Structure formats: C-alpha cells, structure tokens
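Working through the structure, step by step
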Amino acid sequence: MAEVQAIPTTAAPGITRREFLTYIWAASMALFMVELGGVSVLFALPRFKVGEFGGIFPFGRAGEVLPKVGEGPKEFPEAKIWLVNTEKGILAIYNVCTHLGCLYKWVPSNFRFECPCHGSKFQLDGTYIEGPAPRDLDRFVIYLKDSTGRVVAQTNSRGDPLPVPDPNLLIEVDTGNKIEGKPA
C-alpha cells in the first residue's frame, strides 16, 4: 500500500480581534454622525403654524378688518404688525423699530409712529421722518384671497401699498416674509 501524502492547505485567514473592534467602532461612529445630521436638520427647519408669528395670519374680510382711509393704523399684537389703509392701498408694517428693535407706538396727536426709546419718527405708511433709524419701517407680504382661497393680489417685492379691489376679499399676512424698508 502506498502511503498517501497530505497536501498542505492554507487556512482562510480569519478576522482578528483588532479588525473586528475597528469595524464596530467605525460603524458606531457612522451611525452617530447620521443621527446627529438628522437631528440638526430637524432643528434647523422652521415649523411655524397658522396664526403664530413667523407664519401666516388670516384676518378676515378687508371691509371688516381694515381701518378707513385717513384713519390711524390698527394694531395686531399677536401678529406684531400694524395694518394701515392709505389712498394707495394697504400695508402690514412690522411693529419693531429699524434702529435697535424697540417697539414703537402710534401717536394720534401727531398722526405718525414714534419710537419712545430713541426718538425715531415715521409717517403712517412707515416712511422715515427723522431720528437714528437707518431705514423705513419693515413690511410683511399681504395676500388678498377670494372665498375659494385663490390669491387675487399680493404685495410686490418692494413692499408697495396693495390696492384692495373688493372689500369682501380675505386678508392674510405672511409674517415669515419680511420686506426691509428703504434706506433713509
């Protein structure tokens, strides 16, 4: 009987303990970075609701909500705006002074807005008169919608007064869409 010789075989190399721990560490770090990125994105996304500052405020029919032409503005503190009705149209003016962020007031005896902190003064339409403010008052975009919810008109990119063609149109103000006032 002939003697059978064993053929040397090479065993498949296994994974070492060090490699296994390295893979586990890398996988856990990758998972951590994905979770951190997801949380960061969720934190950065705005989540404003209707009727909350930074969102859209529905005010109702133009004929019922707006002050008459020639009258002073109407304040809406929850929206942080003044609704103004001029001969040219309506404006939604942000109620924060463009100087240092003070809350200015309407002074009926002078028929203008005045900042009690530093003395800036503005006309009814938010145009700068005098004081340390660097620009006119900021405005928000107004949407005029019909009863079906279709936008009939909206404020342009310059923030010009928006004419109201029908007093039955619904007014909505987008407080997340601010238009900076023109430099003084």
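That block above? That's the structure.
These remarks concern the structure in this document. (Residues numbered from 1 in each chain as written. Predicted model: local features only at pLDDT ≥ 70, side-chain atom pairs only at ≥ 80, totals over all residues. Heavy atoms only, no water.)

Some thoughts on the overall build of the protein chain
This is how the line gets drawn: In DSSP terms, a helix is any run of H or I states spanning at least four residues, a strand is any run of E spanning at least two, and both are numbered starting from the N terminus. The globule rule used here is 2.2 Å times the number of residues to the 0.38 power, and the radius of gyration it is set against is calculated over C-alpha atoms. Each residue is assigned to one of three classes by its accessible area relative to the maximum for its type, calculated with a 1.4 Å probe on protein chains only: buried under 20%, partly exposed between the two thresholds, exposed over 50%. The criterion used for residue contact is that any of the two residues' heavy atoms lie within 4.5 Å. A 1.4 Å probe and the Shrake-Rupley method give the accessible areas. Residues count as covered only by the protein chains that appear here. Under the convention used here, Asp and Glu are negative, Lys and Arg are positive, and both His and the chain ends fall outside the count. By convention, charge coordinates are those of NZ in Lys, CZ in Arg, CG in Asp, or CD in Glu.
Of regular secondary structure, the protein chain possesses two helices and 11 strands. Counting helices and strands in the order they occur from the N terminus, the protein chain gives α-β-α-β-β-β-β-β-β-β-β-β-β. Here the C-alpha radius of gyration of the protein chain, 31 Å, is well above what a compact globule of 184 residues would show, namely 16 Å. Taking the principal axes of its C-alpha atoms as reference, the protein chain extends roughly 125 × 45 × 25 Å. Relative to its 184 residues, the protein chain shows a buried fraction of 35%. Relative to all contacts within the protein chain whose residues are 6 or more apart in sequence, the contacts with residues 24 or more apart total 50%. Accessible surface, the protein chain as shown: approximately 11,900 Å² in total, 59% of it carbon and sulfur. Positive and negative charge centroids in the protein chain, built from 19 and 20 side chains respectively, lie 2 Å apart.

Describing a nonpolar patch on the surface
Selection criterion: Put simply, a patch holds well-exposed residues, over 30% relative accessible area, that have no salt bridge, with like charges counted together within 9 Å and Val, Leu, Ile, Met, Phe, Trp or Tyr side chains within 5 Å. Whenever a carboxyl oxygen of Asp or Glu lies within 4 Å of a side-chain nitrogen of Lys or Arg, that contact is scored as a salt bridge.
A surface patch of nonpolar side chains, amounting to about 530 Å² of accessible area, comprises Ile15, Phe20, Leu21, Tyr23 and Ile24. The topology assignment puts Ile24 in helix α1 (residues 17-44).

Concerning the pattern of salt bridges
Side-chain pairs of opposite charge can arise whenever the charged atoms involved come near each other. Considering all chains together, one arrives at seven salt bridges under this definition. Ionic pairing is found between Arg112 and Glu114, a salt bridge with its closest N-O pair at 2.7 Å. Taking the relative accessible area as the measure of exposure, Arg112 reaches 21% and is therefore partly exposed. Classification of Glu114 by relative accessible area gives buried; the value is 18%. Residue Asp160 is joined to Arg158 by a salt bridge in which the shortest nitrogen-to-oxygen separation is 2.7 Å. Arg158 sits in the exposed class, given a relative accessible area of 53%. Bridged by salt links that share partners, the residues Arg135, Asp138 and Lys178 form one connected network.

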